[in-house]
Amino acid sequence: MDSATGARPGTLIHLIAAARPNFMKIAPLWHALARESWCRVELVHTGQHYDPGMSDAFFRDLELPRPDIHLGVGSGSHAEQTARVMIEYEKVCRDREPDCVIVVGDVNSTLACALVATKLHMPVAHLEAGLRSRDRRMPEEINRLLTDAIADRLWTPSPDGDENLAAEGVDAAKIAFVGNIMIDSFELMRDKIASSNIVERLGLTPRGYGAVTMHRPSNVDERDHLARLLVELESVAAKLPLVFAVHPRTRQRMADFDLSLPDDAPIQLIEPLGYLDFMKLVSDSKLVITDSGGIQEETTYLGIPCLTLRDNTERPITITEGTNRLVNADTLQAAVDEALAGRRESHRPPDKWDGRTAGRVVADLKRFLTRIERITE
Ligand code: UD1
């Protein structure tokens, strides 16, 4: 027993990673936990994302070790993917008996692992808790609601997260506002990001292009809608050259629907990039067009205009205190024109988006585990 904290030496923490947007959330926490003497951390990769470009590249870029445990679940329908993670992770939990399971974000594996652990009476902590789009057609919203309903510890990135949880009747004692962990990843890797040569490699000039990502089912799963968005991107590209890092889902849909962009359009379609290259591409861009969750936050931190192709966002602070704006196929052109005409104003990132979130999480985790061990003693 560590007399200062009451935590058992060797307390086993499972850190769950599954899909691309998870890797930049677990990396700073893994690095911070690896430095602590009171715990051991095992990195569990569910295998939800498995392409080298969607997974391995991020482990390399974020200096993460090979996962201790790989569940290898791969793709499938929501039910198949969630169920496979549950079946495989339950075996792991029974075998390894973690003292705490940390899940991040809102992907299917987040919910699957939280469900397994909580039913085995293992404490679950959710990093990036409390975000709500209020759009239950989004699979991620269901994952958020259910994960937060069963987790024992809820770490929020912004005060709206605390408010959402309070409105759902969650006990305030379960919640801690820790800030945005993704900013820690950016700060940890700042120098390496700065030295990426991706902008030159793509033949671009800083501030002379826009970066695009798009993969949400609501944007890419329906032929007519995706076709319309591609036409709109072509029109944007007539004003500002674009680089479009195409997610596997989007590439597959474009092939299924027989959609493409004209060869002479100033839009480069590229494979998904690793973390360092992608953050460099965003940092040097004039604006970003996306439907991602995380990129809304990264652009707010960097002060880059972000046009989000969605009807709602679970990250409203990126609009009220950041550079984000919701757009659709009808409003995109006007929003691009405005962003191109506007001056970049100096701004301050939201509270606790400061690169020190992992430290706050580790301190809170230690207190939490100490407290529950006292109860079980
Ligand atoms: C998932 C997350 C989403 C997150 C996104 C980021 C859920 C419900 N969704 O969506 O929250 O924003 O990741 O990337 O968990 N595929 C590959 N290679 C891969 C991964 C996927 O080819 O490495 C293909 C799959 O075969 C499938 C499609 O991409 O056809 C979708 O993958 P899936 O993991 O179901 O969801 P995402 O759309 O990636």
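Each value, and the rule that gives it
Residues numbered from 1 in each chain as written. Predicted model: local features only at pLDDT ≥ 70, side-chain atom pairs only at ≥ 80, totals over all residues. Heavy atoms only, no water. Helix = DSSP H or I, 4+ residues; strand = E, 2+ residues; numbered from the N terminus. Buried < 20%, exposed > 50% of the residue type's maximum accessible area, 1.4 Å probe, protein only. Contact = heavy atoms within 4.5 Å. Areas by Shrake-Rupley, 256 points an atom, 1.4 Å probe, with all protein chains shown as cover. Lys, Arg positive; Asp, Glu negative; His and termini not counted. Charge placed at Lys NZ, Arg CZ, Asp CG, Glu CD. Near = heavy atom within 4 Å. Polar contact = N/O pair within 3.5 Å; in protein donor to acceptor, adjacent residues only side chain to side chain. Nonpolar A, V, L, I, M, F, W, Y, C, P; charged D, E, K, R; others polar. Pairing = 2+ DSSP bridges. Axes fitted to C-alpha atoms, helices over the stretch in contact; angles between N-to-C directions. Parallel < 35°, antiparallel > 145°, perpendicular 65-115°, else oblique. Left-handed = near helix turned anticlockwise from the far one by under 90°. Salt bridge = Lys/Arg side-chain N within 4 Å of Asp/Glu carboxyl O. Core = buried A, V, L, I, M, F, W, Y, C linked by side-chain atoms within 4.5 Å. Arc of directions from axis to C-beta. Phe/Tyr/Trp six-rings, centres within 6.5 Å; stacked < 30°, edge-to-face > 60°. Lys NZ or Arg CZ within 6 Å of the ring centre and 35° of its normal.

Scanning the chain from N- to C-terminus turns up 17 helices and 13 strands. Each of the three principal axes of the chain carries a C-alpha extent, and together these read 70 × 45 × 40 Å. Counting over 377 residues, the chain shows a buried share of 59%. The contacts of the chain with a sequence gap of at least 6 include a subset with a gap of at least 24, amounting to 71%. By element, 50% of the accessible surface of the chain is carried by carbon and sulfur atoms, the whole surface being about 15900 Å². Taking the average place of the 45 positive charges on the side chains of the chain and the average place of its 57 negative ones, the gap between the two points comes to 3 Å.

Time to look at the site of the ligand. Lining the immediate surroundings of the ligand are 20 residues, of which Q48, H49, S75, E140 and R249 lie closest. A distance of 2.8 Å separates an oxygen atom of the ligand from a polar side-chain atom of Q48. The contact in question runs from an oxygen atom of the ligand to an N or O atom on the side chain of H215, over 3.0 Å. Protein burial of the ligand: of its 750 Å² of free accessible surface, 90% is covered by the chains. Those elements that place two or more of their residues in the shell around the ligand are helix 3 (78-96), helix 5 (139-150) and helix 12 (248-256). Sorting elements by how many residues they give to the shell around the ligand places helix 12 first, with 3 residues. Of the residues in the shell around the ligand, the class split is 6 nonpolar, 9 polar and 5 charged.

In sheet architecture, strand pairing relies on hydrogen bonds along the backbone and comes in two forms, parallel and antiparallel. With parallel pairing, the 7 strands of this open sheet are ordered in space as 3-2-1-4-5-6-7. Single-partner strands in this sheet number two, and they are strand 3 (69-70) and strand 7 (175-177). Bridge count between strand 6 (residues 153-156) and strand 7: 3 bridges; the pairing is parallel. Looking at the pairing, W155 lines up with A176 of strand 7.

Running from N to C, helix 3 and helix 4 (residues 108-119) cross one another at 40 degrees; their axes reach a closest spacing of 8 Å. Judged by the inter-axis angle, helix 3 sits oblique to helix 4. Seen from above, helix 3 lies across helix 4 with right-handed handedness. Contacts between helix 3 and helix 4 involve H78, Q81, T82, V85, M86, Y89, E90 and C93 on the former and, on the latter, N108, S109, A112, C113, L115 and V116.

Positive phi outside glycine occurs at E128, with the angle close to 85 degrees. By the element assignment, E128 lies in the loop between strand 5 (124-127) and helix 5. Among the residues examined, E128 registers a relative accessible area of 9% and is labelled buried. The phi angle at R207 is positive, at roughly 70 degrees, despite the residue not being glycine. Its location among the elements puts R207 in the loop between helix 9 (198-201) and strand 8 (210-212).

Moving on to the pattern of salt bridges. For the coordinates displayed, the defined rule picks out 31 salt bridges. We note a salt bridge from E42 to R96, for which the minimum N-O separation is 2.3 Å. Here the residue E42 occupies a position in strand 2 (residues 39-45), and R96 occupies one in helix 3, the gap between them amounting to 54 residues. By relative accessible area, E42 is classed as buried at 10%.

Turning next to the nonpolar core. I13, I102, Y275, L281 and L365 are the most contacted members of the largest nonpolar core, which has 63 residues in total. It is helix 1 (residues 20-34) that contributes the most residues to this core, 8 residues altogether. Apart from residues lying up to four places away in sequence, L365 is in contact with I13, L33, W38, C100, I102 and W155. In terms of nonpolar packing, the next biggest core, distinct from the first, is built from 29 residues, L226, L229, L259 and A265 among them.

Turning next to helix 6 (residues 159-167). Buried within helix 6 we find D160, G161, N164 and L165. The buried residues of helix 6 occupy an angular sector of 135 degrees when the element is viewed end-on, so they sit on one face. Of the exposed residues in helix 6, those oriented more than 90 degrees away from the buried face are E163 and A167. For helix 6, the elements touching its buried residues are helix 5, strand 6, strand 7 and helix 15 (317-320). With its phi angle positive at about 85 degrees, G169 sits one or two positions after the end of helix 6.

What follows covers the packing of aromatic side chains. Evaluation of the coordinates by the stated rule reveals 3 aromatic pairs. Between the aromatic rings of F23 and F58, the centroid separation amounts to 6.2 Å while the plane-to-plane angle is 40 degrees, which identifies the pairing as tilted. With F23 in helix 1 and F58 in helix 2 (residues 56-61), this residue pair connects regions lying 35 residues apart in the sequence. With respect to class, F23 is no different from F58; both count as buried. Members of the aromatic cluster, joined through ring pairs, are F23, F58 and F59. Over the face of the ring belonging to F177 we find K352, whose NZ or CZ atom lies 4.4 Å from the ring centre.

Functional significance is not addressed by these values, which are geometric in nature.
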